[in-house]
Amino acid sequence: MKKYLIFCVIAVFLLSTFPKYKLAAEDGLNEKEYLMAALWQQTSSEYRALCYQAFNVARDRIHMDIIKEWPKPRAVIIDLDETVIFNAKYNATGVIREQEYPKEFYEWIASGDATPIPGAVEFLEFIDEEGYTIFYVTNRRDECTDITLQQILDLELPQANREHLLMRGTDHTKQGRRDKVNEDYAVILYIGDNCVDFLGDYYSGSIEERKNLTDSVQAEWGRKFIILPNPMHGSWKKALYHGVVERLSGEESLKHKASLLEVIE
Ligand SMILES: [Mg+2]
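The rules behind these values
Residues numbered from 1 in each chain as written. Predicted model: local features only at pLDDT ≥ 70, side-chain atom pairs only at ≥ 80, totals over all residues. Heavy atoms only, no water. Helix = DSSP H or I, 4+ residues; strand = E, 2+ residues; numbered from the N terminus. Polar contact = N/O pair within 3.5 Å; in protein donor to acceptor, adjacent residues only side chain to side chain. Contact = heavy atoms within 4.5 Å. Core = buried A, V, L, I, M, F, W, Y, C linked by side-chain atoms within 4.5 Å. Buried < 20%, exposed > 50% of the residue type's maximum accessible area, 1.4 Å probe, protein only. Pairing = 2+ DSSP bridges. Phe/Tyr/Trp six-rings, centres within 6.5 Å; stacked < 30°, edge-to-face > 60°. Lys NZ or Arg CZ within 6 Å of the ring centre and 35° of its normal. Donors = N, O, S within 2.8 Å, 3.2 Å for Na, K, Ca; no water. pLDDT = per-residue confidence, 0-100. Right-handed = clockwise from strand over helix to strand, strands pointing away. Salt bridge = Lys/Arg side-chain N within 4 Å of Asp/Glu carboxyl O.

## Section: the side chain of Q159
Part 1 of the reasoning: When you line up the elements, Q159 lands in the loop between helix 7 (145-154) and strand 5 (165-166).
Part 2 of the reasoning: A distance of 2.8 Å separates a polar side-chain atom of Q159 from the backbone nitrogen of I134.
Part 3 of the reasoning: Excluding residues that lie within four positions of it along the chain, Q159 makes contacts with D128, Y132, T133, I134, Y136 and H164.

Structural data, given as structure tokens:
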């Protein structure tokens, strides 16, 4: 009887912990919830098609702009990561194993392994030939200015020099740099993969606030604002934790994110 009782206790204990063991086995993948996003970015034709679509729309907008008169020289403000520079390999590595940020991101930049986003270089060469000034406005930290400059030179992007590369500094929302460019230029297009590439208010907004902001500038999308797809990272991920003050464990974070899904009752 005693042996049977011990057996039952052990069996109940093992059964109760089984899901945890199962989860631990799956945890071989870091950030496993990004697996599908990384696969979509790296393997889908849909991703590539959306990139081409964005730059085709941008080119059409420039064709419409060329015939106009402006009191200031014309400029295009464009982001770098996931807008001009394809970091899918670096992003996918983060799914498989933990990465040390920013050290490994800087190593990735310096490796020269990144490729351009489909359609980006052709578009930039086109506007360069048409006499538009290009400003690369990135939120990469200032400490990686040199390797970023080297990277855009290696990718043979037009106007790749210090004057046209605007690093983050303390301007997290990018609005300060946009305002500065607007003082001297007529900015015809803003191109990016993150809503912060268009308006600073996106930086710390809640999910609802960001959606409302998007609706309030509905007429700008595909006209003055050209957006590229990025399911891996961006200020939208920060918005998932808007109003969350406590630090969440991995499992709590997963539950919190799942709780944000709207599902059929
Ligand atoms: Mg970006």
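Anyway, onward from the coordinates.
## Focus on the nonpolar core
Part 1 of the reasoning: Counting 43 residues, the largest nonpolar core has F123 and I191 as its most contacted members.
Part 2 of the reasoning: Apart from the residues lying within four places of it in its own chain, the contact partners of I191 are F55, A58, V76, I77, I78, D79, T83, F123, F198, I226 and L228.
Part 3 of the reasoning: Y185, V187, Y190 and F225 belong to the second-largest nonpolar core, a separate cluster that totals 16 residues.

## Side note on the pairing of strand 1 (residues 74-78)
Part 1 of the reasoning: In terms of burial, strand 1 is largely enclosed, as four of its five residues are buried.
Part 2 of the reasoning: Pairing of strand 1 with strand 6 (residues 186-192) involves five bridges; the strand directions are parallel. Counted as the bridge partner of R74 is A186 from strand 6.
Part 3 of the reasoning: When strand 1 meets strand 4 (residues 133-137), the two strands line up parallel, connected through four bridges. Within the sheet, the bridge partner assigned to I77 lies in strand 4 and is F135.

## A closer look at the packing of aromatic side chains
Part 1 of the reasoning: A complete count under the given rule lists 11 aromatic pairs for this structure.
Part 2 of the reasoning: Both rings, one in F55 and one in F123, keep their centres 5.6 Å apart while their planes meet at 40°; by these two values the pair is tilted. Of the two residues, F55 is situated in helix 3 (residues 45-66) and F123 in helix 6 (residues 120-129); the sequence distance between them amounts to 68 residues.
Part 3 of the reasoning: Aromatic pair W221 and F225: ring centres 5.3 Å apart, planes at 65°, arrangement edge-to-face.
Part 4 of the reasoning: For F225, a relative accessible area of 6% corresponds to the buried category.
Part 5 of the reasoning: Cluster of aromatic residues (ring-pair linked, three or more members): Y90, Y101, F105 and W108.
Part 6 of the reasoning: The side chain of R59 reaches across the aromatic face of F126, ending 4.5 Å from its centre.
Part 7 of the reasoning: If you follow K238 out to its NZ or CZ, it ends over the ring of Y203, 3.7 Å from the centre.

## Some words on the coordination of the magnesium ion
Part 1 of the reasoning: With distances of 2.0 to 2.2 Å, the protein atoms coordinating the magnesium ion are D79 (OD), D81 (O) and D193 (OD).
Part 2 of the reasoning: Here the donor residues of the magnesium ion share one chain and are spaced in sequence as D-x1-D-x111-D. Residue D79 is located in the loop between strand 1 and strand 2 (85-86), and its partner D193 is located in the loop between strand 6 and helix 9 (207-216); the two are separated by 114 residues in the primary sequence.

## With respect to the confidence of the model for the chain
Part 1 of the reasoning: Across the chain, the average pLDDT comes to 91, with 88% of residues at 70 or higher.
Part 2 of the reasoning: Long-range and interchain partners of residues 7-27, a stretch whose pLDDT sits below 50, account for four contacts in this model, where long-range means more than four residues apart.

## Overview of the pairing of strand 6
Part 1 of the reasoning: The buried fraction of strand 6 is high, at seven of seven residues.
Part 2 of the reasoning: Both strand 6 and strand 7 (residues 225-227) contribute to a ladder of three bridges, which runs parallel. Within the sheet, the bridge partner assigned to G192 lies in strand 7 and is I227.
Part 3 of the reasoning: Between the parallel pair strand 6 and strand 7, the chain is carried across by helix 9, and the sense of this crossover is right-handed.

## Thoughts on unusual backbone geometry
Part 1 of the reasoning: Each neighbour pair has its own omega, and for Y101 with P102 the value is 5°, a cis peptide bond.
Part 2 of the reasoning: Looking at the element boundaries, P102 is found in the loop between helix 4 (88-96) and helix 5 (103-111).
Part 3 of the reasoning: We note that E82 has phi near 65°; this positive angle belongs to a residue other than glycine.
Part 4 of the reasoning: Counting through the fold element by element, E82 comes out in the loop between strand 1 and strand 2.

## Quick word on the pattern of salt bridges
Part 1 of the reasoning: Across all of its chains, the model carries 10 salt bridges by this definition.
Part 2 of the reasoning: A salt bridge links R140 to D81; the nearest nitrogen and oxygen atoms lie 2.6 Å apart. In this pair, R140 sits in the loop between strand 4 and helix 7 while D81 sits in the loop between strand 1 and strand 2, placing the two residues 59 residues apart along the sequence. Taken as a pair, R140 and D81 share a single burial class, namely buried.
Part 3 of the reasoning: Across the salt bridge formed by D171 and R177, the nearest N and O atoms sit 2.8 Å from each other.
Part 4 of the reasoning: Of the residues examined, D171 reaches a relative accessible area of 15% and is grouped as buried.
Part 5 of the reasoning: The network of salt bridges with shared partners includes D79, K174 and D197.

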